[in-house]
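Here is how the chains run, residue by residue.
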Amino acid sequence: MVKFEQIKGFIFDLDGVIANTSVFHAKAWHQLADKLGVTWTEDLANQLKGVGRMDSLNLILKSGGKENDYTEDEKIKYATEKNDNYLSLLKGLTDKDILPGMKEFIEDLSANNYLISLASSSKNSPKVLEALDLEKYFDARVDPSTLKNGKPDPEIYVRGAEVLNLRPEECIGLEDAVSGIKSVNGAHETSVGIGDPEILNEADINFTDTSQVTLANIKKAMN
Ligand code: B16
Ligand code: MG
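Residues numbered from 1 in each chain as written. Chains lettered and ligands numbered in written order. Predicted model: local features only at pLDDT ≥ 70, side-chain atom pairs only at ≥ 80, totals over all residues. Heavy atoms only, no water.

Caption draft 1: The arrangement of the coordination of the magnesium ion (ligand 2) in detail. With distances of 2.0 to 2.2 Å, the protein atoms coordinating the magnesium ion (ligand 2) are Asp13 (OD), Asp15 (O) and Asp176 (OD). Mapped onto the sequence, the residues coordinating the magnesium ion (ligand 2) show the spacing D-x1-D-x160-D. By relative accessible area, which is 3% here, Asp13 ends up buried. (Donors = N, O, S within 2.8 Å, 3.2 Å for Na, K, Ca; no water. Buried < 20%, exposed > 50% of the residue type's maximum accessible area, 1.4 Å probe, protein only.)

Caption draft 2: How the structure looks around the nonpolar core. Core analysis: the largest hydrophobic core is formed by 37 residues, its most contacted members being Phe10, Phe12, Ile18, Phe105, Leu174 and Ile218. In terms of residue count, helix α5 (residues 102-111) provides more of this core than any other element does, four residues in total. Those residues within four positions of Ile18 in sequence are excluded, and the remaining contacts are Phe12, Asp13, Asp97, Ile98, Leu99, Met102, Ile106, Leu118, Leu132, Leu134 and Phe138. (Core = buried A, V, L, I, M, F, W, Y, C linked by side-chain atoms within 4.5 Å. Helix = DSSP H or I, 4+ residues; strand = E, 2+ residues; numbered from the N terminus. Contact = heavy atoms within 4.5 Å.)

Caption draft 3: Representation of the site of ligand 1 within the structure. Residues in close proximity to ligand 1 total 18 residues, the closest being Asp15, Arg53, Ser120, Ser122 and Asn124. A distance of 2.7 Å separates an oxygen atom of ligand 1 from a polar atom in the side chain of Asp13. The separation between an oxygen atom of ligand 1 and a polar side-chain atom of Lys151 is 2.8 Å. Taken by itself ligand 1 offers 460 Å² of open surface, and the protein chains cover 98% of this. Broken down by secondary-structure element, the contributors of at least two residues to the shell around ligand 1 are α1 (22-36) and α3 (53-63). Class assignment of the residues belonging to the shell around ligand 1 gives a composition of four nonpolar, eight polar and six charged. (Near = heavy atom within 4 Å. Polar contact = N/O pair within 3.5 Å; in protein donor to acceptor, adjacent residues only side chain to side chain. Areas by Shrake-Rupley, 256 points an atom, 1.4 Å probe, with all protein chains shown as cover. Nonpolar A, V, L, I, M, F, W, Y, C, P; charged D, E, K, R; others polar.)

Caption draft 4: Representation of the packing of α3 against helix α4 (residues 72-90). Direction vectors running N to C along α3 and α4 enclose 110°, while the axes themselves pass 10 Å from each other. On the basis of the axis angle, α3 is roughly perpendicular to α4. Contacts between α3 and α4 involve Arg53, Met54, Leu57, Asn58 and Leu61 from the former and Glu72, Lys75, Ile76, Tyr78, Ala79 and Asn83 from the latter. Split by residue class, the contact of α3 with α4 holds six nonpolar, two polar and three charged. (Axes fitted to C-alpha atoms, helices over the stretch in contact; angles between N-to-C directions. Parallel < 35°, antiparallel > 145°, perpendicular 65-115°, else oblique.)

Caption draft 5: The pattern of salt bridges, seen in detail. Scanning all chains against the criterion turns up nine salt bridges. Among the salt bridges present, the one from Lys35 reaches Glu81, with a minimum N-O distance of 2.9 Å. Here Lys35, found in helix α1, pairs with Glu81, found in helix α4; they are 46 residues apart in sequence, far enough to count as distant. Residue classification places Lys35 among the exposed residues on the basis of a relative accessible area of 52%. With relative accessibility at 24%, the residue Glu81 sits in the partly exposed group. (Salt bridge = Lys/Arg side-chain N within 4 Å of Asp/Glu carboxyl O.)

Caption draft 6: Expanded view of α3. Among all positions in α3, only Ser56, Leu57, Ile60 and Leu61 are buried. Taken down its axis, α3 places every buried residue within 135° of arc, on the same side. Residues of α3 that are buried make contact with α1, α2 (42-48) and α4. A positive backbone phi angle near 65° is found at Gly65, which sits one or two residues after α3. (Arc of directions from axis to C-beta.)

Caption draft 7: Examining a negative patch on the surface more closely. Together, Glu42, Asp43, Asp196 and Glu198 line one region of the surface with negative charge. Note that Glu198 resides in the loop between β5 (190-194) and β6 (205-207). Classification of Glu198 by relative accessible area gives exposed; the value is 68%. (Patch = residues over 30% accessible without salt bridge, like charges linked within 9 Å, V, L, I, M, F, W, Y side chains within 5 Å. Lys, Arg positive; Asp, Glu negative; His and termini not counted. Charge placed at Lys NZ, Arg CZ, Asp CG, Glu CD.)

Take it as geometry only, folks, not as evidence of what the structure does.
Quick look at the structure:
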């Protein structure tokens, strides 16, 4: 692992790292899985974390052995339906929905002149950041609609460093998803996994929840 002193930038996932919105994504997908007759399991829920909209739908269909049952148009219709349900769950989202300690952590990064970018797979991320009143802290954002490959591919985290004009070794990527940790590692950045350390066992550094994510704890883990 690189030394903490080499770090100049932090690249954030959004859902499940900054806000509790991963619960809303899961709820909306669960609802669709029920409708399509696909059994919802904890394992399926974990597989979907961090994965983009159409890829998520394809994983659900595959899990139920239904990957060849629908046309592209039908799939778009179902993905849109999930998104509408997700958006209605987002109504009333405010800065109170920021996960414990994350506002303070982001403010601390900003006060210490670290650069900050967003590497969320979600096309709704600008809306969510605005509702949380956090846009002002972000120096740059990767637009997921410009990517060839979603997480676990490294592309989004490679771009997350590029948009800050930093080298990957100078960046830390924070993630709650297995797909996201693989993406950070593939981009040759330092990965911080937030959540069950057994599930996120490929992360360089693990924290069980967001309240433990502080500069001091990251420094301690790296040096
Ligand atoms: P949307 P992240 C991901 O966001 C979510 O974890 C995942 O559940 C969701 O399917 C994906 O964004 C796409 O989101 O349908 O809103 O474009 O964790 O990368 O911030
Ligand atoms: Mg996430």
